[in-house]
Amino acid sequence: MFRVRLLRTASFRLAALYLALFTASALALGAFVYLSVRREILTDFDERIVEETDALKSDFADGGRERLAAIIEARGKGGAGFSYGLLSREGGLIAGDLRVPSAGVAGWTDAQEADSEEPAESTAEVIRTLVTPLADGSSLLVGDERRRPDEILAGVLTAFAWAVAATLALGTIGGLWLSAHFLERIDSMRQTARRLMDGDWTRRIPLSRTDDDLTALARTFNRLFDRIEKLLQANRQVSADIAHDLRKPLAGVLRRLEAARDDPSAAASREAIGAAIGDVEGVLDTFNALLRIGQVEAGARRAAFRPLDLADVAREVAETFAPAAEDEGKALVQRLDVPLPIAGDRELLVQMIANLLDNALRHTAAGVRIEVGGEKTAGGIALTVSDNGAGVAPGDRAAIFQRFYRGGESRRSPGTGLGLALVAAIADLHGLDCRASDNRPGLRVTLATAAETE
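Residues numbered from 1 in each chain as written. Predicted model: local features only at pLDDT ≥ 70, side-chain atom pairs only at ≥ 80, totals over all residues. Heavy atoms only, no water.

Thoughts on the sheet that holds strand 8 (residues 331–335)
Item 1. The sheet built from five strands is open, its strands ordered 8-10-11-13-12 with mixed pairing. Looking at the sheet topology across the chains shown, the edges are occupied by strand 8 and strand 12 (432–438). Going across the sheet, the axis of each strand differs from the next one's by a mean of 15°, ignoring polarity.
Item 2. The pairing of strand 11 (residues 380–387) with strand 13 (residues 443–449) spans five bridges and is antiparallel. Across the sheet, the residue bridging to S386 is R444, located in strand 13.
Item 3. Against the sheet, helix 6 (residues 310–327) touches strand 8, strand 10 (369–377) and strand 11, its axis set at about 165° to strand 8.
Item 4. Across the sheet, helix 9 (residues 419–429) touches strand 12 and strand 13, and the angle it forms with strand 12 is around 135°. (Pairing = 2+ DSSP bridges. Helix = DSSP H or I, 4+ residues; strand = E, 2+ residues; numbered from the N terminus. Axes fitted to C-alpha atoms, helices over the stretch in contact; angles between N-to-C directions. Contact = heavy atoms within 4.5 Å.)

Description of the packing of helix 6 against helix 7 (residues 346–362)
Item 1. The N-to-C vectors of helix 6 and helix 7 enclose an angle of 40°; their axes lie 9 Å apart at closest approach. Taken together, helix 6 and helix 7 sit at an angle that is classed as oblique. The chirality of how helix 6 crosses helix 7 is right-handed. Packed against helix 6, whose contacting residues are L310, V313, A314, E316, V317, A318, F321 and A325, the element helix 7 presents R346, L349, V350, I353, A354, L357, D358 and L361 at the interface.
Item 2. Of the residues belonging to the contact of helix 6 with helix 7, the class tally is 13 nonpolar, no polar and three charged. (Parallel < 35°, antiparallel > 145°, perpendicular 65-115°, else oblique. Left-handed = near helix turned anticlockwise from the far one by under 90°. Nonpolar A, V, L, I, M, F, W, Y, C, P; charged D, E, K, R; others polar.)

Some points on the environment of A259
Item 1. Within the secondary structure, A259 sits in helix 4 (residues 213–262).
Item 2. Between the C-alpha atom of A259 and that of A272, which follows or precedes it by 13 residues, the distance is 7.5 Å.

Side note on the side chain of S138
Item 1. Considering the arrangement of structural elements, one finds S138 in the loop between strand 5 (127–133) and strand 6 (139–145).
Item 2. Owing to a relative accessible area of 0%, S138 belongs among the buried residues under this scheme.
Item 3. A polar atom in the side chain of S138 sits 2.6 Å from the side chain of D136.
Item 4. If we ignore the near neighbours within four places in the chain, the residues touching S138 are R65, L86, L87, S88, R89, T132 and P133. (Buried < 20%, exposed > 50% of the residue type's maximum accessible area, 1.4 Å probe, protein only. Polar contact = N/O pair within 3.5 Å; in protein donor to acceptor, adjacent residues only side chain to side chain.)

Concerning the sheet that holds strand 2 (residues 93–96)
Item 1. The six strands are arranged 2-1-6-5-4-3 in an open sheet whose pairing can be described as antiparallel. The strands lining the two open edges of the sheet, one partner per strand, are strand 2 and strand 3 (98–99).
Item 2. As judged from the five bridges shared by strand 4 (residues 107–113) and strand 5, these two strands associate in the antiparallel manner. Paired with W108 across the bridge in strand 5 is L130.

Structural notes on helix 7
Item 1. Relative to the 24 Å expected for 17 residues at 1.5 Å per residue, helix 7 spans 24 Å between its end C-alpha atoms, a close match to the ideal helical length.
Item 2. Regarding helix 7, its N-cap is D345, as a side-chain oxygen of that residue lies 3.0 Å from the backbone nitrogen of E347 further along. (Expected span 1.5 Å × (residues − 1).)

A look at a nonpolar patch on the surface
Item 1. On the surface, a nonpolar cluster with roughly 430 Å² of combined accessible area is contributed by L14, L17, Y18 and L21.
Item 2. Considering the arrangement of structural elements, one finds L21 in helix 2 (residues 10–78). (Patch = residues over 30% accessible without salt bridge, like charges linked within 9 Å, V, L, I, M, F, W, Y side chains within 5 Å. Areas by Shrake-Rupley, 256 points an atom, 1.4 Å probe, with all protein chains shown as cover. Salt bridge = Lys/Arg side-chain N within 4 Å of Asp/Glu carboxyl O.)

Laid out in structure tokens, this is it:
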């Protein structure tokens, strides 16, 4: 089963396709090289015979047939590397050991030795021979064994065949190895997905040391799983938080209504009804804030994104909050000289910054300096809202953006505990990291372009 899956993987098919293309290219190149080498070898082979023939023709011109016959006999006994023959006009062998099948032949032909020492049952040696007629009517034969270039060409073919076979073998082994590695990583992803479907949200896809496409895909899926796990945890926490936070106002409404029932006076009824209305309005505010956060986290407003300057939006909100800060004896300072380009929903960004400033005004004492600043960073842009007030305990900084979280003095102040949770949701929708840090003294909230890790 594993072998069948191995052969069906995309990586094996891709490797097989590349191997087929490479083999076809190698065969075409090999055929071209073989034909070129063959032509060169055979041309050189014939040129050597022609040069030897020209030299013997010169000897014939200088000394006649007798001298030529003596030279042929001497070279034949001395192992000159060629085969020779001198035939009379009638075709009789005068010197050497080469004969042609028929008399009167001129030019290139195949000849055989007159006194072959080969066994009768063996294949006769083919000798490529150049037959040259001489002035006295005789014929000069100079030849060489065809097996010499044939052996060279056979060696070339053998080497090329081994090279192609090695290429196919290595390519197949490499394709199988690559497919096995690919299949192993796919199985790892599949097993992780099964564990996640079974409810084990701590599982993540293992990352390979090789930073390839599968690693980038695994990293993207792991970020997706982190996001889903975070949403699931938030959903479970919200259910518990809603039950906890709504229990108190609903219990208050119940007590007041019961008290009004027991006290039939009009004043008591009006007081109970008024208090109950206030509690119900607080509950509705909580639900409206939760619905708002849910809409933002679902990305329903992403279609309204337009290019804008976050510094202009922050400047506009800060100017709106300036009179309230002055009335409370607090200084609201702007440091928004640098443009902060971003694509986003202006209404949501206004609410995000307004919630930050409202939180800073609500939880700081008189005389505090609140600053709204912006800057360009290596990763993009950053907007900060900071103050020099009492600040937030280190253990609470990471939790203040959770729904219904109210730490320290904020537990005694009015509110739903959803303002900063909405800030975090809007920031995430716009690709901004939202984090709290120590302003030394005070609190600094930074909204910076989220770093992409592929």
